[in-house]
Amino acid sequence: MKQTGILKKLGCVLLCFACTASAASCGVGNRNSGGNNSAGGKPSGSISVICYEAGFGTKWLDEMAEEFSSALGVTVKVKKSYVNGELISLLNDNSQNDDVVMALGSMFAPQDSGFLTDLSPVYNSVPEGETKTIKETMNPAIYNKLLTEDGKIYQMNWADPVCGIVINKTVLDRIFPDGYKVPNTTDELIDFCDEIKAERVYPFSISTSISYWDYLHWVWWAQYEGYDNYIDYYWGYYQKEQPDGTTVRTLAENGEVLDMPGRLEAVKVAERLLKKGNGYMHKYADSMTWQEAQIAFVGQGYAGQDMTESAMMVNGQWLENEVQSYLLTKPQDLAMIKTPVISSIVKTLENKSMTDETLSAVIDAIDKGETSYPGVSEKDFSRISEARHMVYSATFDHCCAIPAKSKNKPLAMEFLKFMASDMGQSIYAKYLNGLTMPYGYDVGDKVTDFVRSRYENFSDYIPICIDFSSPLVYRQGLTAYTTGNGAGLDGVLYKGNTAEWVINDTKTTLMASWDKIILAAKQEK
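Source: prediction; values computed, not measured.

Colleague: Looking at this model, I keep getting lost on the state of the cysteines. Mind explaining?
Modeller: A disulfide bridge is the covalent bond that connects two cysteines by way of their sulfur atoms. This model, assessed by the stated rule, comprises 0 disulfides. For cysteine 163, which is in no disulfide, the shortest distance to another cysteine sulfur is to cysteine 465 and amounts to 9.8 Å. Given a relative accessible area of 0%, cysteine 163 falls into the buried group. Summary of cysteine pairing: cysteine 400 is not part of a disulfide, and the nearest cysteine sulfur, belonging to cysteine 399, is at 7.1 Å.

Colleague: Sorry if this is basic, but what is going on with the packing of aromatic side chains here?
Modeller: Describing an aromatic ring pair means giving the distance of the ring centres and the angle of the ring planes. Throughout the structure, instances matching the rule amount to 23 aromatic pairs. Plain terms: the ring middles of tyrosine 212 and tryptophan 318 are 6.3 Å apart, the flat faces sit at 55° to each other, and that makes the pair tilted. On the criterion of sequence distance, the pair formed by tyrosine 212 in the loop between strand 6 (202–204) and helix 9 (214–225) and tryptophan 318 in the loop between strand 9 (310–316) and helix 13 (319–322) is long-range, its members being 106 residues apart. For tyrosine 212, a relative accessible area of 9% translates into the label buried. Taking the centre distance of 6.0 Å and the plane angle of 40° together, the rings of tryptophan 221 and tyrosine 234 count as tilted.

Colleague: Would you mind showing me how to read the packing of helix 2 (residues 59–72) against helix 17 (residues 409–420) here?
Modeller: A packed helix pair is summarised by two numbers, namely the angle formed by the two axes and the spacing between the axes. Look at helix 2 against helix 17: their axes get within 11 Å of each other, and the N-to-C directions meet at 120°. Relative to helix 17, the element helix 2 is oriented oblique. Seen along the crossing, helix 2 lies across helix 17 with a hand that is right-handed. For the pair formed by helix 2 and helix 17, the contact residues are Leu61, Met64, Ala65, Glu67, Phe68 and Leu72 on the first element and Leu411, Glu414, Phe415, Phe418 and Met419 on the second. Residue composition of the contact of helix 2 with helix 17, grouped by class: 9 nonpolar, no polar and 2 charged.

Colleague: Would you take a moment to explain a negative patch on the surface for this structure?
Modeller: Together, Asp187, Asp191, Asp194, Glu195 and Glu199 make up a region of like negative charge exposed at the surface. Inspection of the secondary structure puts aspartate 194 in helix 8 (residues 186–198). A relative accessible area of 32% means that aspartate 194 is categorised as partly exposed.

Colleague: Even after reading the chapter, I still don't get unusual backbone geometry, so can you show me in this structure?
Modeller: Both trends apply: most residues other than glycine have a negative phi, and most peptide bonds are in trans. Unusually for a residue other than glycine, arginine 200 sits at a positive phi of about 60°. Arginine 200 gets classed as exposed once you look at its relative accessible area, which sits at 75%.

Colleague: It is not clear to me how the sheet that holds strand 1 (residues 46–52) should be interpreted in this structure. Could you clarify?
Modeller: Each strand in a sheet pairs with its neighbour through backbone hydrogen bonds, running either in the same direction (parallel) or in the opposite one (antiparallel). Taken in spatial order, the 5 strands line up as 2-1-3-12-4 in an open sheet, and their pairing is mixed. Only two strands of the sheet have a single neighbouring strand rather than two, namely strand 2 (75–81) and strand 4 (156–157). Alignment of strand 4 against strand 12 (residues 398–401), held across 2 bridges, turns out to be antiparallel. If you follow asparagine 157 over to strand 12, its bridge partner there is cysteine 399.

Colleague: What's the story with the confidence of the model for the protein in this structure? I'm lost.
Modeller: It should be kept in mind that the predicted coordinates are not to be read in detail where pLDDT is low. With 91% of its residues at a pLDDT of at least 70, the protein reaches an overall mean of 91. With pLDDT under 50 throughout, residues 1–35 is counted as low confidence; its partners more than four residues away or in other chains account for 72 contacts.

Colleague: I'm lost on the pairing of strand 9 in this one. Help?
Modeller: The two faces of a sheet get side chains in turn, since along a regular strand they alternate between them. With 7 of its 7 residues buried, strand 9 lies for the most part within the structure. Of the pairings in the sheet, the one linking strand 5 (residues 162–168) to strand 9 comprises 5 bridges and is antiparallel in character. Opposite glycine 164, over in strand 9, you have asparagine 315 as the bridge partner. In terms of strand pairing, strand 6 meets strand 9 through 2 bridges, oriented parallel. Looking at the pairing, tyrosine 202 lines up with serine 310 of strand 9.

Colleague: Help me understand the pattern of salt bridges, please; the structure alone is not making it clear to me.
Modeller: Once the charged atoms of two side chains with opposite charge are near each other, the side chains can pair. Summed over the entire model, instances satisfying the criterion amount to 17 salt bridges. Taking the shortest distance from any N to any O, the salt bridge between glutamate 253 and lysine 522 comes out at 3.2 Å. Placement of glutamate 253 in the loop between strand 8 (247–251) and helix 11 (261–274) and of lysine 522 in helix 23 (residues 514–524) is noted, with a sequence separation of 269 residues between them. Exposure remark for glutamate 253: the relative accessible area of 38% places this residue in the partly exposed category. Note that lysine 338 and aspartate 367 form a salt bridge whose closest N and O atoms lie 3.1 Å from each other. Residue lysine 338 is located in the loop between strand 10 (334–336) and helix 15 (356–367), and its partner aspartate 367 is located in helix 15; the two are separated by 29 residues in the primary sequence. Judged by its relative accessible area of 18%, lysine 338 is buried.

Colleague: Sorry if this is basic, but what is going on with the pairing of strand 1 here?
Modeller: The buried fraction of strand 1 amounts to 7 of the 7 residues, a majority that puts the element mostly inside the structure. With burial as the criterion, each face of strand 1 is covered, one bearing Ser46, Ser48, Ile50 and Tyr52 and the other bearing Ile47, Val49 and Cys51. Across 7 bridges, the pairing between strand 1 and strand 2 is parallel. Looking at the pairing, isoleucine 47 lines up with valine 76 of strand 2.

Quick notes on the rules
- Residues numbered from 1 in each chain as written.
- Predicted model: local features only at pLDDT ≥ 70, side-chain atom pairs only at ≥ 80, totals over all residues.
- Heavy atoms only, no water.
- Disulfide = S-S within 2.5 Å.
- Buried < 20%, exposed > 50% of the residue type's maximum accessible area, 1.4 Å probe, protein only.
- Phe/Tyr/Trp six-rings, centres within 6.5 Å; stacked < 30°, edge-to-face > 60°.
- Helix = DSSP H or I, 4+ residues; strand = E, 2+ residues; numbered from the N terminus.
- Axes fitted to C-alpha atoms, helices over the stretch in contact; angles between N-to-C directions.
- Parallel < 35°, antiparallel > 145°, perpendicular 65-115°, else oblique.
- Left-handed = near helix turned anticlockwise from the far one by under 90°.
- Contact = heavy atoms within 4.5 Å.
- Nonpolar A, V, L, I, M, F, W, Y, C, P; charged D, E, K, R; others polar.
- Patch = residues over 30% accessible without salt bridge, like charges linked within 9 Å, V, L, I, M, F, W, Y side chains within 5 Å.
- Areas by Shrake-Rupley, 256 points an atom, 1.4 Å probe, with all protein chains shown as cover.
- Salt bridge = Lys/Arg side-chain N within 4 Å of Asp/Glu carboxyl O.
- Lys, Arg positive; Asp, Glu negative; His and termini not counted.
- Charge placed at Lys NZ, Arg CZ, Asp CG, Glu CD.
- Pairing = 2+ DSSP bridges.
- pLDDT = per-residue confidence, 0-100.

Below, the structure is given as structure tokens:
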């Protein structure tokens, strides 16, 4: 198994690093040493690495820094940030004084301002003992999103989290002893919720204090419209219908992109599921914190008031790490499932009369690796296949960079190379039950069932999220949806607001500044 081999050679290859940089081990420089290299050709001196303390913790970073420092005879000081948005704010102001910044949030604004360092040398490097460059190991959809038009790249990912529906198999196996079918479509998901509710179990645990359901309805929107049209929203373009029935990609001078039908279709499904009166959400959804909702989901109940079990939760692959202590006291079998395809996608197909039963059968065929289905056109099959491979990705929320003002860029780059190597990833995986960053590391089969479900269902995925690389987003604040009072969409829909209200509120809010938003689009033409 690859992981075992990597762990065995970890000390040997690090020793190789150390030998190459033997001169550095005789004396460690200081931060003012700039990019000075040791006599052996490897960077020397010291760097500071700061990381936001999020759902993945930072123990892996502590060990990476320790191993790297020991091998190269350098100093890596690890710092933690506990304030969401702090690191991005410092980068935006060009006042971040650390050499490597691992933040939660988009870095495209400081990148656009020239405050970040080109990491092309890191991506083009082959880590010690490996055969591929770092960029060759990555999901192309992730790498290409970070790549600039001039071929440079300024960010790396320190996590590769996918998000969606997590099921509690322990609960589902108990209430459905004869088995159950994981839903392929949103209509099947609603039916599944009805079946669960009939067993006096909450279909979903949720806290309306956090908008985790963005992980579903943004994907449903992208499934309905298609990936390219979804991304075009964030660049201010829409498909304008022509007299002959064809469409042309057109700049939305008057906000036409806000009327994308997939936006309404997606929120309508979310409304149906989230609305308090429909009984699919936990009774205390508007009382629980997100931590309490997770605790309730893993069978611990809510504050002693309600011990009713929950069958599902919308969350990310970090969930197991965050609830690990509770799973030790009451083990639960958790698994991530593929995001159900929005049933109304059939409105966009050549066969607009396709039944949900047929749609589900096509999805089963796609999951088996088949490339066609009897009676379904090649175009329709391709559309459904693209939709099936979509999942919400928080990978672009977990980026790291080297500030342009760093005084020791060579050593900082060397550290990032180590982070992305098999050696670095084996350390990361050790602390996160087998989860890795997006650099192609194969952990083998020594992972938890939860992590295995992540890899089995999302080995080759299409990442869906806000396109943070668009200047309409990072300059002018173009967003997917607004909710008037500042509450998240989860809470707004839970309280009874309609999908139509959400779409109208968003359009009213964004149109108030549309001239500025569209100006950013024109400047990119």
